[in-house]
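Listed here are the chains, written in short residue letters.
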Amino acid sequence: MLRARLTVPFPLDHRGAAALLASRLPGADGRPLEPLGEGDYCLAFRWGSRVVRAAKHPAAAAALRREACVLAEVAGLLPLPVPRPEYHAPPGCPPFTVHDEVRGEVLTREGWEGMPAPARTRAASDLAAFLRALHSLPAEVGDRCGLERLDAASKARSLRGSCAEGLHARLDRETRDRLDAALAGWSSPAPGAAPEAVLLHRDVAPGHLLCDPATGRLTGVIDFGDVALGEPARDFVYVYEDFGPAILAEVLAAYAGERAPALLPEVRRWYLLEAVEWTVAASGAGGPELEEGLAEIRRELAAPEAVTLHTG
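The paragraphs below set out a description of the structure included in this document. (Residues numbered from 1 in each chain as written. Predicted model: local features only at pLDDT ≥ 70, side-chain atom pairs only at ≥ 80, totals over all residues. Heavy atoms only, no water.)

The helix and strand inventory of the chain stands at 13 helices and 10 strands. Projecting the C-alpha coordinates of the chain onto the three principal axes gives extents of approximately 60 × 55 × 35 Å. In the chain, buried positions account for 48% of the 312 residues. For the chain, the share of sequence-separated contacts (at least 6 apart) that also reach a separation of at least 24 residues comes to 68%. (Helix = DSSP H or I, 4+ residues; strand = E, 2+ residues; numbered from the N terminus. Buried < 20%, exposed > 50% of the residue type's maximum accessible area, 1.4 Å probe, protein only. Contact = heavy atoms within 4.5 Å.)

Below you can see the structure in the form of structure tokens.
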């Protein structure tokens with residue numbers, strides 16, 4: 001098995017990773033690695049004015065490599081600063097990337113909602129302009145870098161079977177019927193209904209948007225580890241979930257203008273697909289995460305505006 005042949009260590013903490021990285025950083029000059037944060041995929045460090053991100057497992061290493069490949073081609077074409085990571089995979093060390101730090105204050109939902117109206121509008125406009133630019137870049141870049149292609153119809157077909165096995169018994173009949181009708185309709189879209197695939201950041205969420213809170217201007221977008229190809233609506237899922245419907249409406253209006261009302265059901269569709277997928281994954285373990293996912297599915301399908309989800 002491939003796993004048995006892996007010889008690269010993947011340390012679980014900053015201290016172990018720093019010990020392995022210290023002598024392998026390009027231009028290592030004795031500057032310390034300062035822990036900066038940790039996610040499911042990477043351990044992050046500040047290294048002077050640079051950021052080092054070390055993979056925690058093989059899937060993370062592959063994501064770092066794809067991210068570096070894409071950003072090497074598109075960073076200079078985007079209207080906001082983004083990382084320009086260099087990928088390294090020396091023997092005996094977890095693969096890592098190094099890039100100049102992108103400066104700014106992390107934009108949270110509370111921070112965005114608390115801005116004066118002009119600053120709030122500016123943040124929405126800047127994010128919309130960034131996503132328009134990203135989505136207009138050639139999809140061939142993603143193919144060259146081996147990006148995953150997301151497809152709503154394929155995901156819906158897969159989830160219909162998964163729901164029957166893992167979720168149906170846990171949902172009331174009305175919610176179960178609505179969910180099955182939605183997934184069935186999305187499994188067989190009308191010919192030509194799906195938008196052309198574009199480059200997606202795929203994780204536009206608090207922690208990945210940086211700003212100047214006094215003006216609302218975005219100063220950078222970071223963490224492209226989930227970069228993929230797919231429908232533009234997929235890039236607004238976490239704007240909806242994490243920043244809320246009101247901010248989503250502002251961003252969509254700046255992004256799509258008069259087309260924003262037509263794009264909103266597509267965002268909600270992708271949001272529900274992701275929520276169902278996450279809940280199916282949690283169904284084996286049970287507990288609070290499963291209950292949270294089930295409640296989210298019920299809430300989303302019961303919303304009055306969700307009728308377009310069931311029939312679209």
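What follows covers the sheet that holds strand 1 (residues 34–38). Hydrogen bonds along the backbone pair up the strands of a sheet, which may run parallel or antiparallel. What the 5 strands build is an open sheet, ordered 1-2-3-5-4; its pairing is antiparallel. One side of each edge strand has no neighbouring strand; the edge strands of this open sheet are strand 1 and strand 4 (86–88). Going across the sheet, the axis of each strand differs from the next one's by a mean of 25°, ignoring polarity. Of the pairings in the sheet, the one linking strand 4 to strand 5 (residues 96–100) comprises 3 bridges and is antiparallel in character. Bridged to His88 within strand 5 is Phe96. Sheet contacts for helix 2 (residues 14–21): strand 1, strand 2 (42–47), strand 3 (50–55) and strand 5; angle to strand 2, the most-contacted strand, approximately 60°. Where helix 3 (residues 58–74) meets the sheet, it contacts strand 2, strand 3, strand 4 and strand 5, and its direction lies at approximately 140° from that of strand 3. (Pairing = 2+ DSSP bridges. Axes fitted to C-alpha atoms, helices over the stretch in contact; angles between N-to-C directions.)

Here the focus is the state of the cysteines. Taken as a whole and judged by the stated rule, the model has 1 disulfide. Two residues share a disulfide in this structure: Cys69 and Cys145, whose sulfurs sit 2.0 Å from each other. Judged by the torsion about the S-S bond (-75°), the Cys69/Cys145 disulfide is left-handed. Linking Cys69 in helix 3 with Cys145 in the loop between helix 6 (140–144) and helix 7 (152–166), this pair joins segments that are 76 residues apart in sequence. (Disulfide = S-S within 2.5 Å.)

Okay, helix 12 (residues 288–302) next. The terminal C-alpha atoms of helix 12, which comprises 15 residues, lie 21 Å apart, in line with the 21 Å expected from a rise of 1.5 Å per residue. When we look at burial in helix 12, the residues that qualify are Leu290, Gly293, Leu294, Glu296, Ile297, Glu300 and Leu301. One side of helix 12 holds all its buried residues, which, seen down the axis, span an arc of 155°. For helix 12, exposure combined with an orientation more than 90 degrees from the buried face picks out Pro288, Glu292, Arg299 and Ala302. (Expected span 1.5 Å × (residues − 1). Arc of directions from axis to C-beta.)

Let us look at the environment of Glu196. Structurally, the position occupied by Glu196 is in the loop between helix 8 (173–187) and strand 7 (198–200). With a relative accessible area of 67%, Glu196 lands in the exposed category. C-alpha separation for the pair Glu196 and Tyr238, spaced 42 residues apart in sequence, amounts to 21 Å. When neighbours within four sequence positions are excluded, Glu196 is seen to be in contact with Gly230 and Pro232.

On to the packing of helix 5 (residues 117–135) against helix 10 (residues 245–256). Between helix 5 and helix 10, whose axes approach to 8 Å, the crossing angle comes to 55°. Between helix 5 and helix 10, the angle falls in the class oblique. Seen along the crossing, helix 5 lies across helix 10 with a hand that is right-handed. Residue-level contacts link Arg120, Thr121, Ala124, Ser125, Leu127, Ala128, Leu131, Arg132 and His135 of helix 5 to Ala246, Ile247, Glu250, Val251, Ala254 and Tyr255 of helix 10. (Parallel < 35°, antiparallel > 145°, perpendicular 65-115°, else oblique. Left-handed = near helix turned anticlockwise from the far one by under 90°.)

Take the sheet that holds strand 8 (residues 209–212) next. Spatial strand order, 6-8-9: 3 strands in an open sheet with antiparallel pairing. Each edge of the open sheet carries a strand with a single partner, namely strand 6 (105–106) and strand 9 (217–221). Bridge count for strand 6 against strand 8 is 2 bridges, and the pairing is antiparallel. Across the sheet, Glu105 pairs through a bridge with Cys211, a residue of strand 8. Running at roughly 35° to strand 9, helix 5 makes contact with strand 8 and strand 9 of the sheet.

This paragraph deals with the nonpolar core. Counting 73 residues, the largest nonpolar core has Trp112, Leu127, Phe130, Leu167, Phe236 and Val276 as the members making the most contacts within it. Here this core takes 10 residues from helix 11 (residues 260–282), the largest share from any one element. For Val276, the contacting residues outside a window of four places in its chain are Leu159, Cys163, Leu167, Leu179 and Ile297. In terms of nonpolar packing, the next biggest core, distinct from the first, is built from 13 residues, Ala17, Leu25, Trp47 and Phe96 among them. (Core = buried A, V, L, I, M, F, W, Y, C linked by side-chain atoms within 4.5 Å.)

Glancing now at the pairing of strand 3. Of all 6 residues in strand 3, 6 are buried, a share of seventy percent or more. When strand 2 meets strand 3, the two strands line up antiparallel, connected through 6 bridges. Across the sheet, Arg46 pairs through a bridge with Val51, a residue of strand 3. Between strand 2 and strand 3, which follow one another and run antiparallel, lie 2 residues, and Gly48 among them has a positive phi close to 65°. With 5 bridges joining them, strand 3 and strand 5 adopt antiparallel strand pairing.

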